[in-house]
Amino acid sequence: MEKKLERKAAWELLTEYTKTPALLSHAQAVEAIMRHFARLNGEDEEVWGVAGLLHDLDYEKYPQEHCKKAEEIMRERGIDEVYIRAMSCHGYGLCTDVKPESPMEKTLYTVDELAGLINAACLVRPSRSVLDLEVKSLKKKFKDKAFAAGVNREVIKKGCEMLGMDMDDVMREAIEGMKERADEIGLRGTL
């Protein structure tokens, strides 16, 4: 890897383009999951985390140009290709044709939608917390198409296949990743 992007610089870039608290929380949730998966895979937590943090860089300001505008912004800033590819891959089949190839790209593709589902599932729990969320409960929400209807379940399924992992395992590890940052992402709830 040529130019590693520090988390502080990535956060400053993200907050330059993103102001909505829910979108910032989502970026941090995806970052937390990515860091967790990096550790599981013996990869660089900082690189994976920053890739997760920046994946929706352009979403708030340029929703119609999602991923394309972010690529432009990142290239203008001289950000390393590894981050640009990861960001582009998360929109594979939806707004880009950049297929996830590396473990980091496949993970980001998979966990972006999953983070949204986990967040929604937490908010309807009595505790409003990720700390007591179980895979069994999350799977029930996953099967209920009316629940968090904006979450693309096909992407999650395809992503699990790409990773060669059982969906239960991906869900369990994603929940674990979000638990590590429950306070920052606003999902400590009443626990």
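- An unreviewed UniProt entry lists the protein under the name HDIG domain-containing protein, with Candidatus Acetatifactor stercoripullorum given as the organism.

### Thoughts on the nonpolar core
- With 57 residues, the main nonpolar core has Leu54, Leu114, Ile118 and Met178 as its most contacted residues.
- Sorting elements by how many residues they give to this core places helix α6 (residues 103–123) first, with 10 residues.
- Contact partners of leucine 114, with chain neighbours within four places excluded, come to Leu138, Ile156, Val170, Met171 and Ala174.

### Considering the UniProt feature "domain: HD" (unreviewed entry) in the protein
- What UniProt calls "domain: HD" (unreviewed entry) maps, in this numbering, to residues 24–92.
- From the first C-alpha to the last, residues 24–92 spans 22 Å; its make-up is 64% helix and 0% strand.

### Structural notes on the side chain of aspartate 56
- When you line up the elements, aspartate 56 lands in the loop between α3 (45–53) and α4 (68–76).
- The buried charged residue aspartate 56 lacks any salt bridge partner; its closest oppositely charged side chain belongs to lysine 68, at an N-O distance of 12 Å.
- Within the local environment of aspartate 56, its side chain forms a polar contact with the side chain of histidine 66, the two groups lying 3.2 Å apart.
- Aspartate 56 has contacts with Thr18, His26, His66, His90 and Asp112, leaving out every residue within four places of it along the chain.

### Concerning unusual backbone geometry
- For cysteine 67, which is not glycine, the phi torsion reads 80° and is therefore positive.
- In this structure cysteine 67 comes out as buried when scored by relative accessible area, which is 1%.
- A positive phi is found at alanine 148, a non-glycine position, where the angle reads about 45°.
- Structurally, the position occupied by alanine 148 is in the loop between α7 (135–143) and α8 (153–163).
- Since its relative accessible area comes to 22%, alanine 148 is described here as partly exposed.

### So, the environment of leucine 13
- Structurally, the position occupied by leucine 13 is in helix α1 (residues 7–17).
- As a C-alpha pair, leucine 13 and histidine 66 span 53 residues in sequence and 16 Å in three-dimensional space.
- Setting aside residues up to four positions removed in sequence, leucine 13 forms contacts with Leu54, Leu57, Ile73, Arg77 and Ile79.

### Some points on the packing of helix α2 (residues 21–40) against α6
- Where α2 contacts α6, the two axes come as close as 9 Å, and the packing angle between them is 135°. Compared by their axis directions, α2 and α6 come out oblique. In this structure, α2 meets α6 at a crossing whose hand is right-handed. Residues His26, Ala29, Val30, Ile33, Met34 and Phe37 of α2 touch α6, and the partners they reach there are Met104, Thr107, Leu108, Val111, Asp112, Ala115 and Gly116.
- Looking at the contact of α2 with α6 residue by residue, the classes come out as nine nonpolar, three polar and one charged.

The rules we used
- Numbering of residues starts from 1 in each chain and follows the order in which that chain's sequence is written.
- The predicted origin of the model limits local features to residues at a pLDDT of at least 70 and limits the giving and counting of side-chain atom pairs to 80 or more, whereas totals for whole chains, interfaces and linings rest on all residues.
- Note that water and hydrogens are dropped before the side-chain values are worked out from all heavy atoms of the structure.
- For our purposes a nonpolar core is just a set of buried Ala, Val, Leu, Ile, Met, Phe, Trp, Tyr and Cys residues, chained together by side-chain atoms within 4.5 Å.
- Per-residue accessibility, obtained with a 1.4 Å probe over protein chains only, is compared with the maximum for each type, and a residue is labelled buried under 20%, exposed over 50%, and partly exposed between these values.
- Secondary structure is summarised from DSSP: a helix means a run of H or I of at least four residues, a strand means a run of E of at least two, and numbering begins at the N terminus for each.
- Contacts are assigned to residue pairs that have any heavy atoms within 4.5 Å of one another.
- UniProt positions are given in the numbering used here, feature names are shortened, and annotations may be inferred rather than shown by experiment.
- We count Lys and Arg on the positive side and Asp and Glu on the negative side, and we leave His and both chain ends out.
- For this document, the term salt bridge refers to a Lys or Arg side-chain nitrogen within 4 Å of an Asp or Glu carboxyl oxygen.
- For the purposes of these results, a polar contact is taken to be a pair of N or O atoms within 3.5 Å, where, inside protein, one atom must be able to donate a hydrogen and its partner to accept one; residues adjacent in sequence count only when each atom of the pair is a side-chain atom.
- Orientation is described by lines fitted to C-alpha atoms, with helices fitted over the stretch in contact, and by angles between N-to-C directions that extend from 0 to 180 degrees.
- Oblique is the label for any angle not under 35 degrees, not over 145, and not in the 65 to 115 range, which are roughly parallel, roughly antiparallel and roughly perpendicular in turn.
- Note on convention: near helix rotated counterclockwise from far helix by under a right angle means a left-handed crossing. Clockwise means right-handed.
- Residues are grouped as follows: Ala, Val, Leu, Ile, Met, Phe, Trp, Tyr, Cys and Pro are nonpolar; Asp, Glu, Lys and Arg are charged; every other residue, Gly included, is polar.

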